[in-house]
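Working through the structure, step by step
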Amino acid sequence: MLQLLHIENIAVIERADIELENGLTMLSGETGAGKSIVIDSIGAILGKRVSRDLVRAGAQKGFVSAVFTDLSAGLVSLLDELALTGDEPDTLHLQRQITADGKSTCRVNMKPVSAAVLRQLAPYLIDIHGQNDGQKLLDEQYHIDYLDGYAGLDALLAQYRPKYQALLALRREITALETGEQERLQRIDMLSFHKEEIEQAALQPDEDETLAQRKAYFDHAGKIAGALEQVRLALSGDDEVGGACALLDQAAAALAGLHEVSEAFDAMAEQAEEVRLLAADLRDSVISRSDNLDFSPAEREWVEQRLDLIYRLKQKYGGTLEEIAAYHERITSELETLADSDNRREALREQYRAELTEAKRLAGQISEKRRTAAARLEKQIVRELSELDMDKVKMRVAVHTGAKLAAHGFDTVTFEISVNPGEPEKPLSKVASGGELSRIMLALKNVLTAGEDVGMLIFDEIDTGVSGHAAQQIARKLSAIAKKKQTLCVTHLPQIAAMGDHHLRISKSVRDGRSYTAVRPMDRAQRVDEIARLLSGEQISDAARRNAEELLEMAGQED
């Protein structure tokens, strides 16, 4: 059960600590006071998606925490499996912080977790019936989910659905192979041409870069030759003028000749000799390189043609040599598949037949269990509705079994109802009024959650569209449900509010231009005033108070 809910800086709620007890708790208050914010806060702690708009204006972060006790065996087992057991084995602490920039932080028993983990725990904690669930009940696509949940088909469906998805994938692959033979042959011709063109090119890794460097060499051939000739003349000279090497020879010889006169010039002589030798080496290298310059016009033409080929291949098959190689690998594999398509197609057909047989077997079991469960569900819903002032109703959970498999098996399911004697059952969307829909949803919830492990039920304005005697019947049903599971009901009807074992009032006030919401439990006298307000509005009359007293006394007698 939910024992304590703490809300901080969530929408109009600056801070609220809500203590909850077993039994039936009513939550009421004026429109806009923040009842939906309490439900949204509980949704946040259960891992539902939240918006940054949920954080109170001006606050940096919002915070919700909850304490649950009397944990079910299934929940205890799941917490142990997730290594989230707390210091108190029968108590669960959940926390969720939402920042103004939309980030969310979650904790279970003080251990950080993702919102997905909160959603994993939620089915064991609280089942919220919101105002949108009534509209969902009108949508026939969800009826099969209601029946499957009641029938306990999770395990069978978990086996069937992968089989069905595998069938779809196999069918797509077979269809692809069964495209026209002419198209297949055309594809083979095209891919074979691409493959041959790439293979004939015999591309080498990084070849384009190497060729680009060689082309740049050819493009600057004149400049290279001229520079080398200029260096050779400077070093060697010509018939008329001597070069630097001859001058350095003279300088080195002159300094070497001073050794007989004085050893003071020996260091200079060594430097001159070193420079002379370096100049001579440079001259020899330049002459050798000049003599071996390779400016073959034929090679230049080949390089340019090769680069042009690589450019055209890049334009067709990929922007880089690596991408061309990857494309070649892909089409080689596809060609193998196309060449072997007949064998492959027959193998896939055989696999499809085997998968189809197994999927049909599972779907048949599912259909049988649905039909059996549908008969039971009809009776239970009718019994529940008879206790909700709809004793003339006829309900049919129609299981329509077709010949083709779909995501749910062979079946479609529709809930059909007749609310007037003599009238045939028709789809809910064509028959049920708002008040009838609320009662059908309540009956369905009571039936579906009876065997579930969930510890608490929340009904958010289940009384929409009902009044008078029907409202009293709903109140009695809520009271009966609350004897089995902790129940919280958001209501605006006095007949329902009076049936609560506990009553919380949510109110809004304005201070210094800001809205503030408070949630407080009420004693007997305060409950009288609140029920009287629900009866007559903000101006509470003595007659309304007497009526409220009478409703509370009648509720007490029913207990």
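Refer to the structure above for everything that follows.
What you see is a predicted model, and the numbers here were worked out from it, not measured in a lab.

So, the overall build of the chain
Assigned secondary structure in the chain consists of 20 helices and 15 strands. The C-alpha atoms of the chain give 44 Å as radius of gyration, which overshoots the globular expectation for 559 residues (24 Å, by more than 25%). Across its three principal axes, the chain shows a C-alpha extent of roughly 140 × 75 × 40 Å. Counting over 559 residues, the chain shows a buried share of 42%. Sequence-distant contacts in the chain: of pairs separated by 6 or more residues, those separated by 24 or more amount to 71%. Accessible area of the chain: about 29900 Å², with a carbon and sulfur share of 49%. Side-chain charges of the chain comprise 68 positive and 93 negative groups, with the mean position of each set lying 10 Å from the other.

Looking at the sheet that holds strand 11 (residues 426-427)
Read from one edge to the other, the open sheet built from 3 strands follows the order 9-10-11, with strand pairing classed as antiparallel. Both edges of this open sheet fall to strand 9 (394-406) and strand 11, since each of them pairs with a single strand only. Pairing of strand 10 (residues 409-418) with strand 11 involves 2 bridges; the strand directions are antiparallel. Looking at strand 11, one finds that Ile-417 is bridged to Lys-426. The strands touched by helix 5 (residues 143-151) within the sheet are strand 9 and strand 10, with strand 10 carrying the most contacts at an inclination of about 100°. Its contacts with the sheet put helix 6 (residues 154-177) on strand 9 and strand 10, and the angle it makes with strand 9 is roughly 40°.

A few points about the sheet that holds strand 6 (residues 104-108)
Taken together, 6 strands build an open sheet; the order of strands is 2-1-4-5-6-7 and the sheet is antiparallel. The two strands at the open ends of the sheet, each matched to only one other strand, are strand 2 (13-19) and strand 7 (111-113). The mean inter-strand angle of the sheet, taken between neighbouring strand axes irrespective of direction, is 15°. As paired elements, strand 6 and strand 7 share 3 bridges and run antiparallel to each other. Bridge assignment links Cys-106 to a residue of strand 7, and that residue is Val-113. Together, strand 1 (2-10), strand 2, strand 4 (61-69) and strand 5 (91-99) form the strand contacts of helix 1 (residues 35-45), whose direction differs from that of strand 1 by roughly 105°.

Re helix 5
Every buried residue belonging to helix 5 is among His-143, Ile-144, Tyr-146, Leu-147, Asp-148 and Tyr-150, and all of these are buried. Of the residues one or two after helix 5, Gly-152 is the one with positive phi, at around 65°.

A few points about the packing of helix 8 (residues 207-219) against helix 12 (residues 297-317)
Each packed pair of helices is defined by two parameters, the angle between the axes and the distance between the axes. At a closest axis distance of 10 Å, the pairing of helix 8 and helix 12 adopts a crossing angle of 140°. Accordingly, the angle class assigned to the pair helix 8 and helix 12 is oblique. Two packed elements cross with a definite hand, and for helix 8 against helix 12 that hand is left-handed. Contacts between helix 8 and helix 12 pair Glu-207, Asp-208, Leu-211, Ala-212, Arg-214, Lys-215, Phe-218 and Asp-219 from the former with Glu-299, Arg-300, Trp-302, Val-303, Glu-304, Arg-306, Leu-307, Ile-310 and Lys-314 from the latter.

Digging into the packing of helix 12 against helix 13 (residues 321-339)
Running from N to C, helix 12 and helix 13 cross one another at 55°; their axes reach a closest spacing of 9 Å. In terms of orientation, helix 12 and helix 13 fall into the oblique class. For the element pair helix 12 and helix 13, the recorded crossing hand is left-handed. Residue-level inspection shows Ile-310, Leu-313, Lys-314 and Tyr-317 of helix 12 in contact with helix 13, the latter providing Leu-321, Glu-323, Ile-324 and Tyr-327. Tallied by class, residues from the contact of helix 12 with helix 13 come to 6 nonpolar, no polar and 2 charged.

Details of the pattern of salt bridges
Overall, the coordinates contain 27 salt bridges when judged by the stated rule. As a salt-bridge pair, Glu-355 and Lys-163 come within 3.7 Å of each other at their nearest N and O atoms. Here Glu-355, found in helix 14 (residues 341-386), pairs with Lys-163, found in helix 6; they are 192 residues apart in sequence, far enough to count as distant. For Arg-187, the salt bridge goes to Glu-334, with nearest N and O atoms at 2.8 Å. Residue Arg-187 is located in helix 7 (residues 181-201), and its partner Glu-334 is located in helix 13; the two are separated by 147 residues in the primary sequence. Three or more residues are tied together by salt bridges with common partners; here these are Glu-30, Arg-505, Glu-530 and Arg-533.

Examining the pairing of strand 9
As judged from the 9 bridges shared by strand 9 and strand 10, these two strands associate in the antiparallel manner. Across the sheet, Val-397 pairs through a bridge with Phe-415, a residue of strand 10.

Description of the side chain of Arg-56
Along the polypeptide, Arg-56 turns up in the loop between helix 1 and strand 4. The buried charged residue Arg-56 lacks any salt bridge partner; its closest oppositely charged side chain belongs to Glu-14, at an N-O distance of 4.9 Å. Within the structure, the side chain of Arg-56 is placed 3.4 Å from the backbone oxygen of Ala-11, a separation counted as a polar contact. Contact partners of Arg-56, with chain neighbours within four places excluded, come to Asn-9, Ile-10, Ala-11, Val-12, Ile-13, Glu-14, Arg-514, Ser-515 and Tyr-516.

Here we look at the environment of Asn-446
Mapping Asn-446 onto the fold places it in helix 16 (residues 434-449). Here Asn-446 falls in the buried class, since its relative accessible area comes to 7%. In this structure, the C-alpha to C-alpha distance between Asn-446 and Leu-478, residues 32 residues apart in sequence, is 8.9 Å. When residues no more than four places from it in sequence are discounted, the contact partners of Asn-446 are Glu-384, Lys-477, Ile-481 and Lys-484. At a separation of 2.8 Å, a polar atom in the side chain of Asn-446 contacts the side chain of Glu-384.

What counts and what doesn't
Residues numbered from 1 in each chain as written. Predicted model: local features only at pLDDT ≥ 70, side-chain atom pairs only at ≥ 80, totals over all residues. Heavy atoms only, no water. Helix = DSSP H or I, 4+ residues; strand = E, 2+ residues; numbered from the N terminus. Rg over C-alpha atoms; globule rule 2.2 N^0.38 Å. Buried < 20%, exposed > 50% of the residue type's maximum accessible area, 1.4 Å probe, protein only. Contact = heavy atoms within 4.5 Å. Areas by Shrake-Rupley, 256 points an atom, 1.4 Å probe, with all protein chains shown as cover. Lys, Arg positive; Asp, Glu negative; His and termini not counted. Charge placed at Lys NZ, Arg CZ, Asp CG, Glu CD. Pairing = 2+ DSSP bridges. Axes fitted to C-alpha atoms, helices over the stretch in contact; angles between N-to-C directions. Parallel < 35°, antiparallel > 145°, perpendicular 65-115°, else oblique. Left-handed = near helix turned anticlockwise from the far one by under 90°. Nonpolar A, V, L, I, M, F, W, Y, C, P; charged D, E, K, R; others polar. Salt bridge = Lys/Arg side-chain N within 4 Å of Asp/Glu carboxyl O. Polar contact = N/O pair within 3.5 Å; in protein donor to acceptor, adjacent residues only side chain to side chain.

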